[in-house]
Amino acid sequence: MNADSHDPEAVRAGSTPPGDMSEAEASAELASLAGAIAFHDARYHGDDAPVISDADYDALVARNRALESAFPGLVRTDSPSLRVGTPVASGFGKVCHAKPMLSLNNGFTDEDIADFAARIRRFLSLSDEDELALTAEPKIDGLSLSLRYEGGRLVQAATRGDGAEGEDVTANIRVAGAAPLELAGTPPRVLEVRGELYMDRADFLALNEAQDAADSKIFANPRNAAAGSLRQKDPAVTASRRLRFFAYSLGEASAPLAATHMESLAALGAMGFSINPLSRRCTDVAGLLDTYASIGAARADLGYDIDGVVYKVDRHDYQERLGQVARAPRWALAHKFPAEQAETTLNDIDIQVGRTGALTPVARLAPVTVGGVVVSNATLHNEDEIRRKDIRIGDRVVIQRAGDVIPQVVRVITEQRPADSTEFSFPETCPQCDAPAIRPEGEAVRRCTNSLECPAQRLEWLKHFVSRDAFDIEGLGARQIDQFVSLGWVERPADIFRLAAKRDELATLDGYGETSIRNLLAAIEARRDIAFERFIFALGIRQVGQATARLLALHYDRPEAMLAAVGPDADPEATTAELTAIDQVGDSMAADLIGFFANASNFAAVEDLLAQLSVIPPERPAENSPVSGKTIVFTGTLAGMSRAEAKARAEQLGAKVSGSVSAKTSYLVAGADAGSKARKAAELGVTVLSEDDWLAMIDG
Ligand code: IVH
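Everything in this summary refers to the structure shown in the same document.

This part covers the site of the ligand. Among the 14 residues in the neighbourhood of the ligand, the closest are listed as Glu137, Ile140, Glu196, Tyr248 and Lys312. Here Tyr248 contributes a side-chain N or O atom positioned 3.2 Å from an oxygen atom of the ligand. Here the ligand loses 88% of its free accessible area of 520 Å² to cover by the protein chains. For the shell around the ligand, the secondary structure elements donating two or more residues are strand S3 (134–140) and strand S10 (306–313). Among the elements that take part in the shell around the ligand, S3 stands out by supplying 4 residues, more than any other. When the residues that make up the shell around the ligand are grouped by side-chain class, the tally is 8 nonpolar, 1 polar and 5 charged.

Listed below in structure tokens is the structure:
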């Protein structure tokens, strides 16, 4: 190893066999490797100007991996092997998607698929006789792209990014030859076509051969090769790679192409797009499962990677009615192929302490490749899981990895159990702060009881706070939080908004020049205005995910109202009643919310934070609809739609839907056999609407 570990550019892979090294030596080398690899990643991805050869870079990564597997206890929180995904290259412009680019919910079992179809039938209030056609098509393992055509010409190509905003890759797509630059026929004036960019296996192998011969970067799998080929600063490089594209859905369109998905695909085909030839229209679950089986059987011979089958409701009007939940449409499901498995040795078990204090055992594995990715850690979930699977340190184990989920230990190969394998005793105190770790009766998870006084919980909490769906501050990610926390600059979220006072100290840190400090502080300033739902999600309250955060934001409208309701002065019983009246908020979630704010230090941290912010009330979906801002209660059986659809539509129109009638109720919509609620509404003088009155009101 180079002696000058402070200069990341000078670091080279060491050659001392790990077995001959002391812990201190290994730890020092891992530290400089982490710095060096991060430095070269930034040169390669960010600046597209690497300063070492790919072979030297690969040697650093391999050395890091070798040291980590010899010293699993020394794996750093900023270890390059724990980093996932490619950092966003700053060289591409940003594109705001006209409609969000959604992801898909996953199903794994036949039962999941039957449930999916049944859920849709219920939502749409279809009877057994009504036809529900669903399509099945391969789930291509590439990257999704949005291609915008105006007047039949390609005007913009963008990656998915975070779903709301992606990168502008128009210049590269123009030369990639994967999609038409001009559409055939008479397309609508504006047409945004979405689909998957991918690379054939044969092209991927040929590319890697050429890369190898030129001593250039080898890609782990076709998907990485496609992504890497697209994200090139120089379109000429993209042009030299063979990229392909399957169109599979529409974004914005000035006029509809067709009434169904299958017909839309056909129309896209006629305009010049490649459409996957294995797509089928099915009229029952058995048909979907047959198609899944036949696509699965054809998988190895397709010439490109797929990781499952996507089912979609065929009729666009149904898709429209079904809408979306959080980031995924109700009308589609990805039926994933079974996970890929591999065998390896479990070297050790570490305990990680999460944001909510959960102690999670993590298996440290001898690195092994599964489905094109090197895996060296796997989750063991909880202590019962270790006991149930009888997992011991030193065991040979089968692990599996499916898609982006965390690798798991499936089972122990007991026939190969070494005589010296040792049982793991699960700690009863927090390994980070020594506080008692309690496992409530009936729960699987043991938790550190020290709340945010526990440094590990606080650190994870802060990382969650800045994460993508929370405050999402550019230039302030997990790594910077680690650094600022260890320097004592940030203890709670509000401190982030006081970092401007550390400008001079920041300048003394490695990697912080004038520009990056200015950018960081500007990014922080920009986040002082924050949407209420992001704010709630960012608080990292147990069980409060994005969907619940949105419900709470819509319910309370502003933080003051929420704090008054859940704060230490509130009456827990009344608060529980109010919270559980919000549809989808149950007793246990209400208890977690109340519990969070009952903790004085949490409450103080939230108040401190609020003083730094200007919180934006949630956007009501339709401000000027006749029911926006109104509180609606549905009762009885509706004839034309399910309760779930009625509720979703009312919310889309800006109404609040409640489960019980009170003086605050604006309208009670009474279907057939309405009972006590109708009586209560009459008593309180609440306007009662029939289903037809209601439809007339919302349809204008
Ligand atoms: S439809 C709103 N169809 O899978 C529905 N997605 O896991 C949007 N994907 O981000 C997606 N093949 O990149 C759809 N035939 C297919 C697909 C497909 C691959 C990808 C797509 C999406 C991801 C979600």
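As a further point, take the pattern of salt bridges. One side chain can pair with another of opposite charge once the charged atoms of both are near each other. Tallied over the entire structure, the rule returns 43 salt bridges. Measuring nitrogen to oxygen at the nearest pair gives 2.5 Å for the salt bridge that ties Arg321 to Glu645. Taken together, the residues span a long stretch of sequence, with Arg321 in helix H10 (residues 316–322) and Glu645 in helix H23 (residues 643–652) at a distance of 324 residues. For Glu645, a relative accessible area of 1% puts it in the buried group. Asp390 is the partner of Arg417 in a salt bridge, and the nearest nitrogen-oxygen pair spans 3.1 Å. Of the two residues, Arg417 is situated in the loop between strand S18 (408–412) and strand S19 (437–438) and Asp390 in the loop between helix H11 (383–388) and strand S17 (396–401); the sequence distance between them amounts to 27 residues. For Arg417, a relative accessible area of 21% gives the class partly exposed. Classification of Asp390 as partly exposed rests on a relative accessible area of 28%. Here the salt bridges share partners, and the residues they tie into one network are Glu383, Asp384, Arg387, Arg439 and Arg446.

Looking now at the pairing of strand S25 (residues 667–670). Residues Tyr667 and Val669 line one face of S25 and the alternating positions Leu668 and Ala670 line the opposite face, and both faces are buried. Here 4 bridges tie strand S23 (residues 631–635) to S25, and the two strands are oriented parallel to one another. Within S25, the residue paired with Val633 across the bridge is Leu668. The parallel pair S25 and strand S26 (residues 687–690), bridged by helix H24 (residues 676–684), forms a crossover whose chirality is right-handed.

Attention now goes to the sheet that holds strand S4 (residues 143–150). Across the sheet, 4 strands lie side by side as S5-S4-S7-S8; this open sheet has antiparallel pairing. Looking at which strands have only one partner, the edges of the open sheet turn out to be strand S5 (153–159) and strand S8 (244–253). Each strand axis lies, on average, 30° off the axis of its neighbour in the sheet, ignoring direction. Where strand S7 (residues 190–198) and S8 come together, 7 bridges link them in antiparallel fashion. Considered in S8, the bridge of Leu191 is made with Ala253. Those strands touched by helix H6 (residues 222–230) are S4, S5 and S7, and its axis lies near 40° from that of S4.

It is worth spelling out the nonpolar core at this point. Grouped together as the largest cluster of nonpolar side chains are 60 residues, with contacts concentrated most on Phe484, Ile496, Phe535, Leu579 and Phe597. With 6 residues, the top contributor of residues to this core is helix H21 (residues 587–598). If near-sequence neighbours (up to four positions away) are discounted, Phe597 is found in contact with Leu539, Ile541, Met562, Leu563, Val566, Gly567, Pro568, Phe603 and Val606.

The next point concerns the packing of aromatic side chains. The full count for this structure, using the stated rule, is 15 aromatic pairs. For the pair Tyr198 and Phe246, a centre-to-centre distance of 5.0 Å together with 10° between the ring planes defines the contact as stacked. Residue Tyr198 is found in strand S7, and its partner Phe246 is found in strand S8; the two are separated by 48 residues along the sequence. Judged by relative accessible area, Phe246 falls into the buried class, the value being 8%. Arranged with centres 5.4 Å apart and planes meeting at 35°, the rings of Tyr292 and Phe337 form a pair that is tilted. With Tyr292 in helix H9 (residues 285–298) and Phe337 in the loop between strand S13 (332–336) and strand S14 (340–353), this pair connects stretches of sequence that are 45 residues apart. For Tyr292, a relative accessible area of 15% puts it in the buried group. Of the residues examined, Phe337 reaches a relative accessible area of 8% and is grouped as buried. The rings of Tyr149, Phe245 and Phe273 are connected pair by pair, giving a single aromatic cluster.

The next thing to look at is a negative patch on the surface. Taken together, the side chains of Asp56, Glu209, Asp212 and Asp215 present a region of like negative charge at the surface. Assignment of secondary structure puts Asp215 in the loop between helix H5 (201–213) and H6.

Procedures and definitions
- Just so you know, the residues in each chain are numbered from 1, in the order the chain's sequence is written.
- Under the rules for a predicted model, residues below a pLDDT of 70 receive no local features and side-chain atom pairs below 80 are neither given nor counted, while totals for whole chains, interfaces and linings still include all residues.
- Side-chain measures here rest on the full set of heavy atoms in the structure, leaving out hydrogens and waters.
- Definition of nearness: a residue and a molecule or strand are near each other if at least one heavy atom of the residue lies within 4 Å of the molecule or strand.
- Nitrogen and oxygen atoms within 3.5 Å of one another constitute a polar contact, given that in protein one can donate a hydrogen and the other can accept it, and given that sequence-neighbouring residues count only through two side-chain atoms.
- Only the protein chains shown count as cover for residues, and the accessible areas themselves come from Shrake-Rupley with a 1.4 Å probe.
- Only DSSP runs of H or I reaching four residues or more are called helices, and only runs of E reaching two or more are called strands; each is numbered from the N terminus.
- For this classification, Asp, Glu, Lys and Arg are treated as charged, while Ala, Val, Leu, Ile, Met, Phe, Trp, Tyr, Cys and Pro are nonpolar and the rest, including Gly, are polar.
- Here a salt bridge means any side-chain nitrogen of Lys or Arg lying within 4 Å of a carboxyl oxygen belonging to Asp or Glu.
- Think of it in three bands: with a 1.4 Å probe and only protein chains considered, a residue is buried below 20% of the maximum accessible area for its type, exposed above 50%, and partly exposed in between.
- Pairs of strands are assigned from DSSP output, requiring at least two bridges between the strands.
- Here a crossover is taken to be right-handed if, once the strands point away from the viewer, the path from the first strand over the helix to the second is traced clockwise.
- Here an angle of 0 to 180 degrees is reported between the N-to-C directions of two axes, which are lines fitted to C-alpha atoms, with helices fitted over the stretch in contact.
- Residues count as neighbours in contact if any of their non-hydrogen atoms are within 4.5 Å of one another.
- Residue types Ala, Val, Leu, Ile, Met, Phe, Trp, Tyr and Cys, when buried and joined through side-chain atoms within 4.5 Å, form a set referred to as a nonpolar core.
- Two rings from Phe, Tyr or Trp (for Trp, the six-membered ring) form a pair when their centres are within 6.5 Å of each other. A pair whose planes differ by under 30 degrees is stacked, one over 60 is edge-to-face, and the rest are tilted.
- A patch consists of residues exposed above 30% relative accessible area that lack any salt bridge, with like charges linked at up to 9 Å and nonpolar side chains (Val, Leu, Ile, Met, Phe, Trp, Tyr) linked at up to 5 Å.
- Charge counting treats Lys and Arg as positive and Asp and Glu as negative, with His and both chain ends excluded.
- To locate a charge, take atom NZ for lysine, CZ for arginine, CG for aspartate or CD for glutamate.

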